[in-house]
Amino acid sequence: MLRCSSWWPVLVVVGWALADFCPMTPEHARHQDWEEPDPSHHQAERNRTQIQFFVPEEHTGSEPVYIGNLHSEVDSVNRSVKHTLSGIGVGTIFTIDKDKGDIHLLKKLDREKIPFYSLRAQVVDKLTKQHVEPEIEICIQVQDINDNEPKFVDGPYIVTIPEMSPVGTSVTQVTAIDADDADTGNHARVLYQLLQGQPYFSVEPTTGIIRAALSDMDRETKAQHLVLIEGRDMAGLKGGLSATTTVTINLSDVNDNGPKFQHKLYHLAVLESAGVDSTVGRVKATDADMGENAEMSFAIEKDDGSDAFDIFTDDKTQEGVIILKQPLDYETKRRISIRVKVSNTHLDPRFLHLGTFKDVTNVKINVDDVDEPPCFTSPEYNLKVEEERAAGTIVGVVAARDPDIANSAVRYSIDWSTDEDRNFNIDANNGTLTTSKRLDREAVPWYNLSVSASEANDPTKVTKVSVRIQVVDVNDHVPEFPIPYKAFVCENGKREQVKCSAGGCCIVVDAILQMFFRGPVCLFRWTLKIPRHYSKREGNLSLPVSWPTIPRVKLVTQSMAVCGTLLCRNCLPCFAPTIHSQSAFLWRPLRSFAK
């Protein structure tokens with residue numbers, strides 16, 4: 001039966017050479033038990049079908065390394081047997097002495113690539129080629145030595161944490177992997193230490209977790225930190241293998257700084273002629289923070305003069321833009337002082353104890369004088385004048401003054417493009433408007449003029465105003481009969497009979513005069529009397545009509561032609577239909593009497 005020869009002292013010698021790197025393991029202890037086996041132990045060896053050998057990795061000797069011996073009892077009786085070995089690596093890595101059964105290692109092994117080899121051994125009769133003993137399995141275990149340093153597979157690291165993070169804040173975790181056997185001593189046990197990055201950061205030796213060690217890390221002072229971490233195997237003991245990695249730690253911004261004005265006093269100037277919403281100037285404040293944390297808003301504190309200005313934030317430059325909210329007047333107020341305050345838009349409650357996050361500054365604004373044109377006392381004028389008044393009648397007065405300190409004399413004129421017929425005149429010195437001819441309301445009821453006022457010393461300084469003149473109506477027109485009227489009367493009416501007696505009648509006619517061009521409505525009534533000896537049964541009757549007295553209107557006497565048909569003496573009165581002319585007159589027969 002094959003058995004294991006006394007090959008272990010050779011391995012023990014090799015083990016002693018590696019004692020500093022390979023602490024004794026249970027496997028080593030078991031091999032030492034085999035160093036001086038007793039007979040019963042040999043008997044147990046003969047009964048098993050598997051033999052295990054241990055070979056250290058990375059052997060660098062030039063001679064083959066003796067692993068062990070396969071010995072059979074047949075060898076002492078029959079010298080005509082040979083030993084064979086088969087399996088992966090036989091002939092290139094392992095070899096066996098066919099006669100003696102000694103197994104040797106031909107080249108160094110790497111446990112991290114192949115941790116063990118499975119081989120098969122046989123004892124064969126040289127003559128018969130027959131197996132003299134059963135085949136046995138040989139397992140050659142490659143023993144680990146600390147030949148691999150740790151590796152940071154994810155390094156280098158780049159991480160970001162907020163500035164001003166509290167002590168103990170987890171930054172990141174670094175991990176080093178050791179390819180050595182974790183079950184062999186401390187070959188693969190890695191401990192971490194910080195080589196660079198104190199006093200800002202620390203690292204947990206066993207986990208590799210990096211934590212903040214200071215609570216006041218300020219991005220505005222130092223925005224980036226470079227940390228150097230070492231990972232060492234053999235539990236960090238001297239002689240262990242090590243590797244390093246870098247961790248770049250960037251501090252992100254938080255709102256821990258308030259805005260500050262660049263100056264405590266700003267001087268600005270603006271023309272008094274500047275329009276509302278025009279820009280007066282800019283004030284600038286700086287904030288050491290960035291992005292949203294640096295956004296700020298400006299406001300003007302309520303004070304004397306603050307109502308004339310407003311301020312808003314330029315989103316691109318984060319400047320305060322002062323604009324004009326009300327017109328300015330150099331002659332009224334030449335200097336205005338305002339106070340501008342600035343504050344952060346987005347506050348972080350965690351850092352309010354660091355400051356007020358706002359600032360104030362003074363702004364003095366000088367109003368510069370501008371040579372202004374004259375100003376009318378009213379934005380527009382509405383005047384009235386009666387029609388048919390003589391030329392030279394005063395319509396009204398327009399007035400303007402020079403607003404500047406010089407108070408130059410003012411000259412007035414009419415824009416003749418608005419009065420092409422030259423119906424009006426204006427006094428160039430005092431602005432009195434008069435008529436230049438008689439006006440007729442029925443022809444032109446309104447006039448719209450444009451009057452200019454300019455400085456006497458500088459005609460280019462001109463202001464215009466609108467003047468509306470209403471022509472007031474007077475009663476200067478008489479009514480007219482637009483058409484002949486037809487009526488029916490009874491025969492044998494008495495002359496000038498008003499209250500009709502037997503057979504007599506009269507016709508009472510109302511006239512409503514609607515005066516032209518918005519005149520008042522006037523009601524007139526006439527009584528038409530039958531002339532004496534009028535006996536025509538049919539014909540035209542011309543009757544004189546006297547208009548009632550109308551103040552300031554020349555009386556006119558006209559005749560009205562009445563076409564009538566004489567009816568029977570006792571007939572009922574009959575009237576023509578009411579005639580409603582499209583002109584301004586409406587005539588309507590009211591009643592007739594017949595008895």
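The rules behind each value
Residues numbered from 1 in each chain as written. Predicted model: local features only at pLDDT ≥ 70, side-chain atom pairs only at ≥ 80, totals over all residues. Heavy atoms only, no water. UniProt positions renumbered as here; feature names shortened; annotations may be inferred. Helix = DSSP H or I, 4+ residues; strand = E, 2+ residues; numbered from the N terminus. Buried < 20%, exposed > 50% of the residue type's maximum accessible area, 1.4 Å probe, protein only. Contact = heavy atoms within 4.5 Å. Areas by Shrake-Rupley, 256 points an atom, 1.4 Å probe, with all protein chains shown as cover. Polar contact = N/O pair within 3.5 Å; in protein donor to acceptor, adjacent residues only side chain to side chain. Pairing = 2+ DSSP bridges. Axes fitted to C-alpha atoms, helices over the stretch in contact; angles between N-to-C directions. Core = buried A, V, L, I, M, F, W, Y, C linked by side-chain atoms within 4.5 Å.

Under an unreviewed UniProt entry, the name given to the chain is Cadherin-7-like, and the organism recorded is Callorhinchus milii. As recorded by UniProt, the Subcellular location (unreviewed entry) comment attached to the chain reads in full: "Cell membrane".

A.B. asks: An account of the overall build of the chain is requested, with residue identities and associated values reported.
C.D. replies: When you go through the chain residue by residue, the secondary structure sums to 4 helices and 39 strands. The buried share of the chain, reckoned over its 595 residues, is 42%. Contacts spanning at least 24 positions in sequence make up 68% of the contacts within the chain whose residues lie at least 6 apart. Looking at the chain as shown, the accessible area adds up to about 32,500 Å², and 52% of this sits on carbon and sulfur atoms.

A.B. asks: Describe the side chain of H187, and please don't skip the residues or the numbers.
C.D. replies: Within the secondary structure, H187 sits in the loop between β10 (170–173) and β11 (191–196). A distance of 2.6 Å separates polar atoms of two side chains, one belonging to H187 and the other to D144.

A.B. asks: Account for unusual backbone geometry, with residues named and values stated.
C.D. replies: Cis geometry marks the peptide bond from G155 to P156; its omega dihedral reads -5 degrees. Tracing the backbone through its elements, the reader meets P156 in the loop between β8 (136–143) and β9 (157–162). Each neighbour pair has its own omega, and for Q198 with P199 the value is 0 degrees, a cis peptide bond. Within the secondary structure, P199 sits in the loop between β11 and β12 (201–203). Even without a glycine there, the phi angle at M234 is positive, about 55 degrees. Here M234 shows up in the loop between β14 (224–232) and β15 (242–252).

A.B. asks: Could you give an account of the environment of V342, with specific residues and numbers?
C.D. replies: Along the chain, V342 turns up in strand β22 (residues 335–344). Considering only alpha carbons, one finds V342 and S297, 45 residues apart in sequence, at a separation of 5.6 Å. Contact partners of V342, with chain neighbours within four places excluded, come to P259, F261, A285, M296, S297, F298, F357, K358 and D359.

A.B. asks: So what's going on with the environment of S378? Residues and values would help.
C.D. replies: Relative to the helices and strands, S378 is located in the loop between β24 (375–376) and β25 (380–386). The spacing of S378 and V465 is 87 residues in sequence and 8.3 Å in space, taken between C-alpha atoms.

A.B. asks: Break down the sheet that holds β11 for me, with residues and values.
C.D. replies: Spatially, the 4 strands line up as an open sheet ordered β9-β15-β14-β11, and their pairing is mixed. Two strands bound the open sheet, and with one partner strand each, they are β9 and β11. When strand polarity is set aside, the average angle formed by the axes of neighbouring strands in this sheet is 30 degrees.

A.B. asks: Quick rundown of the nonpolar core? Include the residues and the values.
C.D. replies: Soluble, globular proteins show a tendency: their nonpolar side chains are buried together. Counting 24 residues, the largest nonpolar core has V283, F298, F309, I322, I338, V340 and V363 as the members making the most contacts within it. For this core, the secondary-structure elements that each account for two or more residues are β17 (265–271), β18 (279–286), β19 (296–300), β20 (309–313), β21 (319–324), β22 and β23 (358–368). Top contributing element to this core by residue count: β22, with 4 residues. Discounting chain neighbours no more than four positions away, the residues touching V363 are Y266, L268, V283, I322, I336, S337, I338 and V340. One finds V385, V398, Y412 and L439 within the second-largest nonpolar core, a separate group that totals 22 residues.

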